[in-house]
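Structure at a glance
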Amino acid sequence: MVNTLTSSDAGFDTGTPIGAAAALGGGVGAPAKLHPFGDLHTLQHLSARAARGVRQAFEGYWRAETRAWAEPLEVLRLADYRAARGDKLTAWVPLSMDGRTALCVLDSQFVVEVIDLFFGGTGDVSPTLALEFTPAADVLVARIAAGMARALEIAWEPLARARFTAEPFELGSSMIPGVEADEVVVATRFAIARGTARPSFVDILYPVATLKPHTVALTGKVVAKPAEVDAEWRTQLTRAAMAVRLPVRSVLAEPSIPLSRLLDLKEGDVIPISFGADVPIVIGGVALGLGTVGTSNGRAAIRISKFEGPLQ
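Now for a look at the structure at hand. (Residues numbered from 1 in each chain as written. Predicted model: local features only at pLDDT ≥ 70, side-chain atom pairs only at ≥ 80, totals over all residues. Heavy atoms only, no water.)

On to the overall build of the protein. On a plain count of helices and strands, the protein comes out with eight helices and 11 strands. Across the 312 residues that make up the protein, the buried fraction comes to 36%. At a minimum sequence separation of 6, the contacts of the protein that also span at least 24 residues come to 67%. Carbon and sulfur atoms provide 55% of the accessible area of the protein, an area that totals close to 18300 Å². (Helix = DSSP H or I, 4+ residues; strand = E, 2+ residues; numbered from the N terminus. Buried < 20%, exposed > 50% of the residue type's maximum accessible area, 1.4 Å probe, protein only. Contact = heavy atoms within 4.5 Å. Areas by Shrake-Rupley, 256 points an atom, 1.4 Å probe, with all protein chains shown as cover.)

As a further point, take the sheet that holds strand β10 (residues 286-296). Across the sheet, which stays open at both edges, the four strands sit in the order β8-β9-β10-β11 with antiparallel pairing between neighbours. Strands at the two margins of the open sheet, each flanked by one partner only, are β8 (248-250) and β11 (299-307). On average, each strand axis in the sheet is tilted by 40 degrees relative to the strand beside it, whichever way the strands run. In this structure, strand β9 (residues 278-283) lies alongside β10, joined through six bridges in antiparallel fashion. Looking across to β10, one finds that Pro280 is bridged to Leu290. (Pairing = 2+ DSSP bridges. Axes fitted to C-alpha atoms, helices over the stretch in contact; angles between N-to-C directions.)

Along the chain, Asp203 turns up in strand β7 (residues 200-207). Here the side chain of Asp203 touches Tyr81 through a polar contact of 2.6 Å, side chain to side chain. (Polar contact = N/O pair within 3.5 Å; in protein donor to acceptor, adjacent residues only side chain to side chain.)

Below, the discussion takes up helix α4 (residues 135-156). Compared with an ideal rise of 1.5 Å per residue, which puts 22 residues at 32 Å, α4 spans 32 Å between its outermost C-alpha atoms and is within 8% of the ideal. Within the sequence span of α4, burial applies to Ala137, Leu140, Val141, Ile144, Ala145, Gly147, Met148, Ala149, Ala151, Leu152, Ala155 and Trp156. (Expected span 1.5 Å × (residues − 1).)

Moving on to the nonpolar core. Core analysis: the biggest nonpolar cluster contains 52 residues, and Leu43, Phe58, Leu106, Trp156 and Tyr206 have the highest contact counts within it. Only α1 (41-62), β3 (90-97), β4 (100-107), α3 (108-118), α4, β6 (184-194), β7 and α5 (208-211) provide two or more residues apiece to this core. For this core, the element with the most residues is α4, which contributes 11 residues. Excluding residues that lie within four positions of it along the chain, Leu106 makes contacts with Arg85, Thr90, Ala91, Val93, Val111, Val141, Ile144 and Val202. One finds Leu78, Tyr81, Leu103 and Val185 within the second-largest nonpolar core, a separate group that totals 11 residues. (Core = buried A, V, L, I, M, F, W, Y, C linked by side-chain atoms within 4.5 Å.)

Here Arg303 is to be found in strand β11. Residue classification places Arg303 among the exposed residues on the basis of a relative accessible area of 68%. Arg303 sits 24 residues away from Val279 along the chain, and the two C-alpha atoms are 9.9 Å apart.

Taken by themselves, the reported measurements are silent on function.
Below you can see the structure in the form of structure tokens.
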């Protein structure tokens, strides 16, 4: 399920209330215009596309049916976002978008649950306040960040050929790499849930400075770019298609006889048939037309007298 809010779990979780950050000075309710991208409809559409890749990535970790959707976007200052998260241990993973910084943000509790599921557990990990990330968490978070980068790159492709990569990071650091506290970010949240379970959340933060090169595209409609035609590839494809062999069949007659005669048949018996001047010609199961039975170079042949069907 992608970009569908169908349960009471939809919406920002109360544990990390992005929406509450608006009251701290940012968000959609702020009096000042924090970004140049209009109503962010295009970026919301891209997030919905990315949710498909996010779902596939997490299905590989816990090998179970997964629901994923993109929550509504929020615009706020990074300091307000961080204050809204509180003191929980958080993984701040830098992503590169064509060399410009973005952030993938994960709760430590969610990381612990995914690790437990990955190694065959149930994922029912008691909510404890972790003080630091383990080496296993370092490896898993790096893999999650790489999967998120792939999902975002595929989702952005119709709009811009942006390259997303997961950057090296140090978990547990109190510093947020690559983004200043007073920078304005566009926060998009992906909800991920196993089956009917309550969702967990992964956030992607785009600094406004990172998105500015795509201002024109983000303020317009998302339109898929027509792929450039490779002339050599098209020529080779045409040659391959023209070399496909199809069976040609013609039925001269389909006589019917009583069952009693069928049971009495023996070698040497003659079954009379009759057919008209034209017989049907069938190629690959599709009727091509009609033809006249004759000979050519000493072999039986059919001369096409009329086209019917797709070649008419």
